[in-house]
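Residue-level listing of the chains:
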Amino acid sequence: MGYENLENVRTETRDQILIVTIDRPKVLNALNAQTVEEIGRVFAEARGDEAVRAVIVTGGGEKAFVAGADINELARQSPISGKETSERGQFIFSQIERFPKPVIAAINGFALGGGCELALACHIRIASEKAQIGLPEVSLGIIPGYGGTQRMARLLGKGKALELICTGDRIGALEAEKIGLVNKVVAPEALLATAEEMAKKIASRSPVAVRAAIEAVNVGSEMGFEEGQFLEATLFGLLCASEDMKEGMAAFLEKRPAKFPGK
Ligand code: COA
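Residues numbered from 1 in each chain as written. Predicted model: local features only at pLDDT ≥ 70, side-chain atom pairs only at ≥ 80, totals over all residues. Heavy atoms only, no water.

Undergrad: Explanation requested: the nonpolar core in the structure shown.
TA: Here is a general trend for soluble globular proteins: nonpolar side chains tend to be buried in one another's company. Ranked by size, the top nonpolar core spans 47 residues in total, and within it Ile107 and Met152 carry the most contacts. For Met152, the contacting residues outside a window of four places in its chain are Cys116, Leu120, Leu135, Gly157, Ala161, Leu164, Ile165 and Leu181. In terms of nonpolar packing, the next biggest core, distinct from the first, is built from 16 residues, Ile104, Ile126, Ala199 and Val210 among them. (Core = buried A, V, L, I, M, F, W, Y, C linked by side-chain atoms within 4.5 Å. Buried < 20%, exposed > 50% of the residue type's maximum accessible area, 1.4 Å probe, protein only. Contact = heavy atoms within 4.5 Å.)

Undergrad: How should the pattern of salt bridges be read in this particular structure?
TA: Two side chains with opposite charge may pair up if their charged atoms get near one another. Scanning the model with the defined rule gives 14 salt bridges in all. A salt bridge links Glu87 to Lys83; the nearest nitrogen and oxygen atoms lie 2.8 Å apart. A residue pair is termed a helical-turn pair when its members lie 3 or 4 positions apart in one helix, as Glu87 and Lys83 do in helix α3 (residues 79–97) at 4 residues. Glu87 gets classed as partly exposed once you look at its relative accessible area, which sits at 39%. Where Glu254 meets Arg256, a salt bridge forms, and the shortest distance between an N and an O atom there is 2.8 Å. (Salt bridge = Lys/Arg side-chain N within 4 Å of Asp/Glu carboxyl O. Helix = DSSP H or I, 4+ residues; strand = E, 2+ residues; numbered from the N terminus.)

Undergrad: Would you take a moment to explain the site of the ligand for this structure?
TA: In the vicinity of the ligand there are 18 residues, among which Val27, Lys63, Ala67, Ala69 and Ile71 approach most closely. Between the ligand and Lys26, the relevant distance is 3.4 Å, taken from an oxygen atom to a main-chain nitrogen or oxygen of the residue. The backbone of Ile71 places a nitrogen or oxygen atom 2.9 Å from a nitrogen atom of the ligand. A total of 860 Å² of accessible area belongs to the ligand in isolation, and the protein chains cover 59% of it. For the shell around the ligand, the secondary-structure elements that each account for two or more residues are α2 (71–74) and β6 (110–112). The leading source of residues in the shell around the ligand is α2, at 3 residues. (Near = heavy atom within 4 Å. Polar contact = N/O pair within 3.5 Å; in protein donor to acceptor, adjacent residues only side chain to side chain. Areas by Shrake-Rupley, 256 points an atom, 1.4 Å probe, with all protein chains shown as cover.)

Undergrad: What is the right way to look at the sheet that holds β6 in this model?
TA: Strands belonging to one sheet form pairs held by backbone hydrogen bonds; the direction of such a pair is parallel or antiparallel. Sheet architecture is open: 4 strands sit in the order β4-β6-β8-β9, paired in mixed fashion. Each edge of the open sheet carries a strand with a single partner, namely β4 (64–66) and β9 (170–172). Across the sheet, the mean angle from the axis of one strand to that of its neighbour is 20°, orientation sign disregarded. (Pairing = 2+ DSSP bridges. Axes fitted to C-alpha atoms, helices over the stretch in contact; angles between N-to-C directions.)

Undergrad: Sorry if this is basic, but what is going on with the environment of Ile17 here?
TA: Mapped onto the secondary structure, Ile17 falls in strand β2 (residues 17–22). Distance in space between the C-alpha atoms of Ile17 and Pro102 is 9.8 Å, their sequence separation being 85 residues. Ile17 has contacts with Glu12, Ala54, Ile56, Ala199, Lys200 and Ala203, leaving out every residue within four places of it along the chain.

Undergrad: How should I be thinking about the domain arrangement of the chain in this particular structure?
TA: Segmenting the chain into domains produces domain 1 (9–203) and domain 2 (207–254). A straight line from the C-alpha centre of domain 1 to that of domain 2 covers 27 Å. Residue-level contacts link 11 residues of domain 1 with 6 residues of domain 2. Roughly 600 Å² is buried in total at the junction of domain 1 and domain 2, and carbon and sulfur atoms are behind 55% of that figure. Linking domain 1 with domain 2 are 1 salt bridge, by the criterion used here. Between Arg154 and Glu222 there is a salt bridge whose closest N-O contact spans 2.8 Å. Viewed at the interface, domain 2 and domain 1 are joined by 2 residue pairs in polar contact (both at pLDDT 80 or more). Of the residues that constitute the side of domain 1 that touches domain 2, the class distribution is 4 nonpolar, 1 polar and 6 charged. (Domains from an automatic or database assignment. Buried area = accessible area lost by both parts, 1.4 Å probe. Nonpolar A, V, L, I, M, F, W, Y, C, P; charged D, E, K, R; others polar.)

Undergrad: Sorry if this is basic, but what is going on with the side chain of Ser128 here?
TA: Topologically, Ser128 is positioned in strand β7 (residues 124–128). At a separation of 2.8 Å, a polar atom in the side chain of Ser128 contacts the main-chain amide nitrogen of Lys130. Excluding residues that lie within four positions of it along the chain, Ser128 makes contacts with Ile107, Asn108, Ala173, Val185, Val186, Pro188 and Leu191.

Undergrad: Would you take a moment to explain the packing of aromatic side chains for this structure?
TA: The relative placement of two aromatic rings is captured by the distance of their centres and the angle of their planes. Evaluated as defined, the whole model comprises 2 aromatic pairs. Taken together, a centroid distance of 5.1 Å and an interplanar angle of 90° make the contact between Phe43 and Phe99 edge-to-face. Placement of Phe43 in helix α1 (residues 33–47) and of Phe99 in the loop between α3 and β5 (103–107) is noted, with a sequence separation of 56 residues between them. By the burial criterion, Phe43 is buried, and Phe99 matches it. Look at Phe93 and Tyr146: their rings are 5.3 Å apart centre to centre, the planes differ by 75°, and that puts the pair in the edge-to-face class. Placement of the pair is Phe93 in helix α3 and Tyr146 in the loop between β8 (132–134) and α5 (148–156), with a sequence separation of 53 residues. Looking at Tyr146, the relative accessible area reads 8%, which means it is buried. (Phe/Tyr/Trp six-rings, centres within 6.5 Å; stacked < 30°, edge-to-face > 60°.)

Undergrad: I tried to follow a nonpolar patch on the surface on my own but got confused; where do I start?
TA: Side chains of Ile71, Leu140 and Ile142 sit close together on the surface and give an oily, nonpolar patch of about 260 Å² of accessible area. Residue placement: Ile71 occurs in helix α2. (Patch = residues over 30% accessible without salt bridge, like charges linked within 9 Å, V, L, I, M, F, W, Y side chains within 5 Å.)

Here it is as structure tokens:
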């Protein structure tokens, strides 16, 4: 089972929401190779787990979401192993981005380097007022290697992404919200509850429609506008054959809440 025998990642399911906590307190939840693999295993398991309708990713302890890739491991990389490490992280974070159910990052503290990249791979980011976010890799003589250069530029535009990546500056939660790096900022004690509330709301919608929406936005944003619209129309047409659509429309007309079968 993907949720068992994990050393650095804790999982808990509450109301069909899987809460994934990165938990290496001694190094502020830094991502060594094992932790990245454990995250990959959890998402692979959760993909087909019908008891999971949404995922929240957060960091253990008060101080950090994830303070980056593990610098002890990074310091020992050769050109070949460095490339492989980067590719493996990119692959696993892409599984998160393409996950067919909503993934929300609950950023409780430092989200630096690989931690910022992990949050960027999630679909939605909610930050605590205490969060500090940045890509400090250039101050270590490297660049972000888990998709950060690509996702940051797509999310914020090239200018802001290059400013953050080339200065290596950390920004606070409010600044991150202002530039669109996080969706929402809340008090630290409200972080998990806010993320759970949003996850539950999305989980109450049609799972097949939410999945199609994630695909349309993810895949469509890598296409030209017309191809993206073609994809949108095709997914729209596909959903017209779903049981969820029949239920959603019937529930509206009968003035009752929908009970989506997810088919
Ligand atoms: N990799 C490995 N160890 C890390 C780490 C990382 N990315 N981030 C923090 N740690 C370790 C520290 O070495 C320290 O270990 P120690 O107690 O054995 O000395 C412990 O976590 C606590 O961190 P510390 O630096 O003492 O906390 P702080 O509150 O003074 O500073 C940070 C917090 C996040 C600002 C600081 O730890 C930091 O800059 N970390 C590196 C961030 C980074 O560059 N990430 C990108 C990597 S590509």
